[in-house]
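Coordinate analysis (summary)
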Amino acid sequence: ENQVGRGAGPAVVCGKPRQVRLKRTAERGRTTMGTKVWALLTVDLGEKSSWTSHVASRDGRARLPLLVFFRGQRVSAMRDEALRVLTALYEAVAAVDPRWEIVPLFEFCGWSRQTIVERFNVDSFEEVRPECDQRELSPEWKSRLLPLCTVEPEVEGCSTSYSPMDEVCVGGTFDRLHAGHRLLLSATVAVCDKTIFVGITADVLLAKKKNRELLEPYGVRKGCVEDFIRAMNPNLKVASGELGLHDPGAVTSASMDGIVVSRETVAGAKSINDEREKANYKALVVIPVNLVGATSQEGDAKKLSSSDLRQMDSVSQARGAKGESAP
C-alpha cells in the first residue's frame, strides 16, 4: 500500500490497469470535498498514450467517482486543445456509463497531485504510462479505444481557437447530470479564468417534458452544476440563476466575453449576439462543443439525452413495482 503525497509512486497502467489502495492518514483529513471517495487517474498529455482506453475499460469493475488529472504544457496556452481532450474523455465515459461522475483536473487550474489529495478523499490512484502501446491491449479494449483528438466539424460563426476569458456563460436544463452536460460545463471551466454564469432552466418551463414527475427540481440541478464546476476549479466564481424567466445575462451583460453551447444550439448563440449588437455590446466568442454519444454532429442526430435517461428510469421503476428484474 502507498501513501499519496509522501513520495510513493502511483500504479503505472498499461494493459489492464492496477489499482493502488491508499492508507488512511491524518493528513487525508484536510480534504474539503466531504466524505465522497474518489479514484484518481493521472495522464501526461506531453506523451502519447492510449489513456481513453483506461477510462473505457473500467466498466467491469466497481466504479468510484473518478478524478482525471491531466498534466503537461500542451493544453495551457490555447484552451482549444483542452476542449479536444475533454471531448475524448466524455465520449469514453458515455460509452461506459453516461452518468458516471468524472471530474477532469488541469494544471492550468492550479492542480498538482499534492493539492488534489489535500482537497479530495482519494482512495486509489493510477498513472497511464506514456509508452503504452495499443498492441498490448486486448481486442475488446482496442475496439473501445477513442482517438485523443476527436474530429470536430467546423461551425460557421464560431471560434476555433480560445484564449482564457474573464466571464463566460453556459445554459441548460442539467437534469440527471451526464457526460454531455459535463463536457459542456468542463469546456466552460477550461476557457474561463474568473466568473462562470450558468442559466438553469426554471421548473415552470419544464411542465410539458416527458416523464415530468421524474425531473430533478431546480435546486437539485443547480447544486449538481455548481458542485461540478467548483470541483474542477475552486478558484472560479459561479453565478447561477433560473433560465427562461428573464432576459439572460448573455444578452444583458456588457462585460460577458464568451458563451459555450452544444453544436445543436449554435443558432441560439448567434441570436444572442444579434441582440447584443442592438445594445452596442461586443459579440460573444461562441464556443461549440460536440454532441456526446451522437450518431453524427448534425443537429438532428440521435445523442445522449436526459429525456432518454428519464425514460430508462421510468421503465426501471415500473419493473421494480411489478417485482420484475432488469433485462
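It should be noted that the structure appears before, not after, this text.
Basis of the calculations
- Residues numbered from 1 in each chain as written.
- Predicted model: local features only at pLDDT ≥ 70, side-chain atom pairs only at ≥ 80, totals over all residues.
- Heavy atoms only, no water.
- Helix = DSSP H or I, 4+ residues; strand = E, 2+ residues; numbered from the N terminus.
- Buried < 20%, exposed > 50% of the residue type's maximum accessible area, 1.4 Å probe, protein only.
- Contact = heavy atoms within 4.5 Å.
- Pairing = 2+ DSSP bridges.
- Axes fitted to C-alpha atoms, helices over the stretch in contact; angles between N-to-C directions.
- Phe/Tyr/Trp six-rings, centres within 6.5 Å; stacked < 30°, edge-to-face > 60°.
- Lys NZ or Arg CZ within 6 Å of the ring centre and 35° of its normal.
- Salt bridge = Lys/Arg side-chain N within 4 Å of Asp/Glu carboxyl O.
- Right-handed = clockwise from strand over helix to strand, strands pointing away.
- Polar contact = N/O pair within 3.5 Å; in protein donor to acceptor, adjacent residues only side chain to side chain.

The next subject is the side chain of Thr42. Structurally, the position occupied by Thr42 is in strand S3 (residues 37-44). Take Thr42: its relative accessible area is 3%, and that puts it in the buried class. In contact with Thr42, not counting residues within four places along its chain, are Phe69, Arg71, Glu126, Glu127 and Val128.

This paragraph deals with the sheet that holds strand S7 (residues 165-172). Read from one edge of the open sheet, 5 strands run S9-S8-S7-S10-S11, paired in parallel fashion. Of all strands in the sheet, those bounded by a partner on one side alone are strand S9 (237-243) and strand S11 (285-289). For this sheet, the mean angle separating the axes of adjacent strands, direction not counted, is 25 degrees.

Counting across every chain of the model gives 5 aromatic pairs. Ring centres of Phe106 and Phe108 lie 4.9 Å apart, and the angle between their planes is 10 degrees; this geometry places the pair in the stacked category. No difference in accessibility class separates Phe106 from Phe108, as the two residues are buried. A ring pair is formed by Trp111 and Phe120, whose centres lie 5.6 Å apart and whose planes are at 45 degrees; its orientation type is tilted. Grouping aromatic residues by their ring pairs yields a cluster made of Trp51, Phe70, Phe106 and Phe108. Above the plane of the ring of Phe108 lies Arg79, whose end atom (NZ or CZ) is 3.9 Å from the centre.

What follows concerns the pattern of salt bridges. Tallied over the entire structure, the rule returns 12 salt bridges. The salt bridge involving Asp203 is made with Arg221; its shortest N-O contact spans 2.6 Å. Of the two residues, Asp203 sits in the loop between strand S8 (192-201) and helix H6 (218-232) while Arg221 sits in helix H6, which places them 18 residues apart along the sequence. What makes Arg221 buried here is its relative accessible area of 0%. Here Glu226 and Lys222 are joined by a salt bridge, their closest N and O atoms 3.0 Å apart. Separated by 4 residues within a single helix, Glu226 and Lys222 lie in helix H6, roughly one turn from each other. For Lys222, a relative accessible area of 25% puts it in the partly exposed group. Via salt bridges that share partners, Asp80, Glu81 and Arg84 belong to a single interconnected network.

Within S8, 7 of the 10 residues are buried, leaving the element largely enclosed by the surrounding structure. In this fold, S7 hands off to helix H5 (residues 179-191), which returns the chain to S8; that crossover is right-handed. Where S8 lies against S9, 7 bridges are found, and the strand directions are parallel. In the strand pairing of S9, Ile196 is matched with Val238.

Next up on the list: the environment of Ser240. By secondary structure assignment, the location of Ser240 is in strand S9. Of the residues examined, Ser240 reaches a relative accessible area of 23% and is grouped as partly exposed. Spatially, the C-alpha atoms of Ser240 and Cys169 are 9.6 Å apart, while their sequence positions differ by 71 residues. If near-sequence neighbours (up to four positions away) are discounted, Ser240 is found in contact with Val198, Ile200, Tyr218, Lys222 and Glu226. Side-chain polar atoms of Ser240 contact the side chain of Glu226, separated by 2.3 Å.

Relative to the elements of secondary structure, Glu127 occurs in strand S6 (residues 121-128). Exposure remark for Glu127: the relative accessible area of 17% places this residue in the buried category. Here the side chain of Glu127 touches Arg71 through a polar contact of 2.5 Å, side chain to side chain.

Quick look at the pairing of strand S5 (residues 102-106) now. Among the 5 residues of S5, 5 are classified as buried, and the element is accordingly described as predominantly covered. When strand S4 (residues 66-71) meets S5, the two strands line up parallel, connected through 5 bridges. Across the sheet, Leu67 pairs through a bridge with Val103, a residue of S5.

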